[in-house]
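What the coordinates show
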Amino acid sequence: MSGGGPKLPASVSFGGAGERLDPWSRALAALGIALALYLYLGRLDGTPLQRGNEAMYASPPALMLQNRDWLVPIYRGDHFLDKPILPIWVVAASYRLLGVSIFAERLPIALAGLATCLLLGLWVGRRSGERAGVLAALALAFSFLFVFTGMTFVADAYLTLSILAAAIVLDRACRVEGSDLGWGIASGAALALAFYFKGLVGIVLPGGAGAATLAIDRRFPRRIWARAGWALLALAALLAPYHVAMDRRLGWEFWDVFYWKNQFLRGASHIYMRPNRGPLFYVGLLAWGLFPWALLIPVSIRRARPSSLPLGALAFGFAFWSPLVMKREVYGITLLPAAAALVAEGFATGGRGREIARRALWALAAAFTVALIVVLLRAFPFLTRAAGADVVRFLLAALVLLAASLAACAAAPRSPRAALAAALACGLVCLGGRLADERFGRFDPLPAWGERARAACASGCDGFVFGEDVTSLEFYSGFDWMPVIDPGREIPALMRHRTAFVVMRSSMEAALAELPYRYEVLDRCATYGSYSIDQFLGPRRGSVVMLSLVRVQRTDTPLPPGEGVGVRDAPSPRVAP
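The following paragraphs examine the structure supplied in this document. (Residues numbered from 1 in each chain as written. Predicted model: local features only at pLDDT ≥ 70, side-chain atom pairs only at ≥ 80, totals over all residues. Heavy atoms only, no water.)

1. As for the pattern of salt bridges
If you walk through the whole model with that rule in mind, you get 25 salt bridges. The partner of Asp 22 in a salt bridge is Arg 417, and the shortest N-O contact between them spans 3.2 Å. On the criterion of sequence distance, the pair formed by Asp 22 in the segment before helix H1 (23–41) and Arg 417 in helix H18 (residues 416–440) is long-range, its members being 395 residues apart. According to the relative accessible area criterion, Arg 417 is partly exposed, its value standing at 40%. Here Arg 359 makes a salt bridge to Glu 355, at a shortest N to O gap of 3.4 Å. (Salt bridge = Lys/Arg side-chain N within 4 Å of Asp/Glu carboxyl O. Helix = DSSP H or I, 4+ residues; strand = E, 2+ residues; numbered from the N terminus. Buried < 20%, exposed > 50% of the residue type's maximum accessible area, 1.4 Å probe, protein only.)

Okay, structure coming up:
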């Protein structure tokens with residue numbers, strides 16, 4: 001149980017000269033690194049704020065800077081206790097340095113994503129050689145789930161980086177010689193950092209990954225009681241100040257909302273999510289989120305030296321997320337580093353049977369890419385109207401390059417040049433998707449409407465939303481927007497100023513007739529429910545909605561129902577393609 005780990009075939013090399021990149025492969029890797037820097041840093045503010053989760057992290061830091069309350073964030077007029085404080089502090093610091101903007105909000109997330117890729121590449125490279133390290137880093141950097149989901153979900157991007165770092169530290173602490181105090185403090189500090197980004201899951205995921213890895217390797221951790229004791233002391237010491245401060249400030253509210261509702265009920269009940277996603281949800285998510293590399297996972301599963309941490313982390317991650325009631329796409333990004341490392345380290349290992357399987361899987365990925373090209377060609381008219389012919393042609397060219405590189409991988413499954421070319425092609429597809437996403441974002445009226453409300457509300461306004469979740473308005477307008485169900489009854493009761501703005505579904509405008517105040521429809525716009533890559537094949541039923549911007553003026557004497565008609569005819573709607 002306490003031995004040095006499993007013996008491996010002599011044909012498997014870790015870090016030897018055979019694992020180094022040849023000049024052509026180095027050139028492809030350099031192009032991939034340059035593309036990753038541009039993809040993550042070059043187009044940060046090209047799309048509007050994502051209306052859900054991203055807006056939830058963009059507004060509280062700005063308000064924190066205004067009211068100088070650094071402990072309890074405020075969101076939609078209430079205490080924001082869904083997540084720990086560190087993601088809010090990071091964005092607030094970025095605002096303080098660069099000003100409040102989408103660029104400043106997304107810059108720390110992009111840097112965290114790049115740091116995750118760098119850490120993964122260095123760690124895998126140290127374990128398994130330069131080729132495996134570069135391939136793991138680029139596979140993660142150009143994974144579609146990481147690019148299009150992870151970079152707009154603040155806490156989860158930081159969580160992915162912190163649990164990778166914590167898992168590496170814990171794995172080393174269980175295996176190497178050295179100071180018990182030093183390894184214990186390092187382990188506790190790594191777990192505390194992950195907790196401050198996301199909560200208890202930041203402790204459970206790296207801890208479970210370490211335990212699963214030791215079980216796979218059939219190894220007992222070195223000096224477990226001494227090192228675990230110091231780790232728990234360090235963890236408690238680092239977490240105590242935050243908990244004591246929050247308890248003194250909010251008392252039971254903190255423990256109820258932060259721990260009971262968001263750390264336990266979130267995963268065990270339908271309080272935040274109604275759809276019931278099956279236990280294999282993350283299998284399908286990983287298949288497209290880390291395409292094409294995820295297809296190679298079945299032929300990459302093996303024990304490895306100096307530890308099987310990639311396999312242990314991936315296995316425990318699936319075992320942890322799959323039974324939870326609340327399953328979200330963004331949670332899958334925590335699985336990506338382990339999956340990328342597993343595939344990269346197993347890229348050229350195994351006998352003839354595995355090589356035949358790899359050829360078949362690469363050919364399957366190439367065939368799937370060709371099918372996607374055919375689908376996009378059929379959607380070419382719609383995509384051209386929405387995103388422009390230049391962007392669509394770029395995206396199609398990137399997909400053709402990806403199909404060709406995957407075919408090359410099928411012909412030579414051990415070729416690092418073909419694999420790096422496939423990674424680079426994935427990056428170009430991600431860039432094409434990002435460019436198209438930016439064009440789709442032109443049809444979101446919320447940035448302009450929010451700025452319009454901000455300009456008109458220097459002396460104070462109220463904001464209401466009806467029939468649609470448009471949380472990004474708070475970032476653009478600078479004040480809270482309250483959701484209402486019955487505008488005729490709730491808006492008069494909640495208005496605190498003489499002017500209010502309402503953003504609502506245009507189909508529900510008849511409900512405004514019950515208002516006892518005069519109202520005016522300022523604008524209507526047909527927009528996509530979410531301007532994301534899933535809209536590229538054409539607008540689905542329910543994906544295009546008509547929104548209205550309405551201004552309400554409170555009068556000294558309330559009007560009878562039905563007489564608060566707009567003072568001018570509503571404008572003709574602007575229609576998305």
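That covers the picture; the talk isn't over yet.
2. Things to note about the pairing of strand S5 (residues 499–505)
By the criterion of burial, S5 is predominantly enclosed, with 6 of the 7 residues buried. As judged from the 5 bridges shared by strand S3 (residues 462–466) and S5, these two strands associate in the parallel manner. Looking across to S5, one finds that Gly 463 is bridged to Phe 501. As judged from the 7 bridges shared by S5 and strand S7 (residues 544–553), these two strands associate in the antiparallel manner. Within the sheet, the bridge partner assigned to Ala 500 lies in S7 and is Val 552. (Pairing = 2+ DSSP bridges.)

3. Section: the packing of aromatic side chains
Scanning the entire structure with this criterion turns up 22 aromatic pairs. Their ring planes at 85° and their centres at 6.1 Å tell us that Tyr 57 and Phe 80 sit as a pair that is edge-to-face. Remark: Phe 80 occurs in the loop between strand S2 (78–79) and helix H3 (86–98) and Tyr 57 occurs in helix H2 (residues 53–67); sequence separation between them is 23 residues. With a relative accessible area of 1%, Tyr 57 lands in the buried category. Residues Phe 254 and Phe 258 carry aromatic rings whose centres are separated by 5.3 Å and whose planes lie at 10° to one another, so their mutual orientation is stacked. On the criterion of helical spacing, the pair formed by Phe 254 and Phe 258 is a turn pair, its members being 4 residues apart in helix H11 (residues 252–268). On the basis of relative accessibility, which here comes to 0%, the residue Phe 254 falls in the buried class. Feature note: the residues Phe 195, Tyr 196, Tyr 242, Phe 254, Trp 255, Phe 258 and Tyr 259 constitute an aromatic cluster, connected by ring pairs. (Phe/Tyr/Trp six-rings, centres within 6.5 Å; stacked < 30°, edge-to-face > 60°.)

4. Quick look at the pairing of S3
Burial of S3 is extensive: 5 of the 5 residues sit out of reach of the surface. Both faces of S3 are covered, namely the face carrying Asp 462, Phe 464 and Phe 466 and the face carrying Gly 463 and Val 465. Summarising the sheet, S3 and strand S4 (residues 481–483) pair through 3 bridges and their orientation is parallel. Across the sheet, residue Val 465 finds its bridge partner in S4, namely Pro 483.

5. Examining helix H7 (residues 154–173)
Between its first and last C-alpha atoms H7 spans 29 Å; for 20 residues at 1.5 Å apiece the expected length is 28 Å, and the two agree. Of all 20 residues in H7, 16 are buried; the element is thus mostly enclosed. (Expected span 1.5 Å × (residues − 1).)

6. Brief notes about helix H14 (residues 336–345)
Within H14, 10 of the 10 residues are buried, which leaves it mostly tucked inside the rest of the structure. In this structure, the buried side of H14 is in contact with helix H4 (102–128), helix H5 (130–141), helix H6 (144–148), H7, helix H12 (281–289) and helix H13 (309–321). (Contact = heavy atoms within 4.5 Å.)

7. Details of the environment of Leu 296
Take Leu 296: it is sitting in the loop between H12 and H13. Classification of Leu 296 by relative accessible area gives buried; the value is 4%. Each C-alpha atom of the pair Leu 296 and Gly 346 lies 8.9 Å from the other, and the pair is 50 residues apart in sequence. The contacts of Leu 296, once residues within four sequence positions are left out, are Val 343, Arg 358, Leu 361 and Trp 362.

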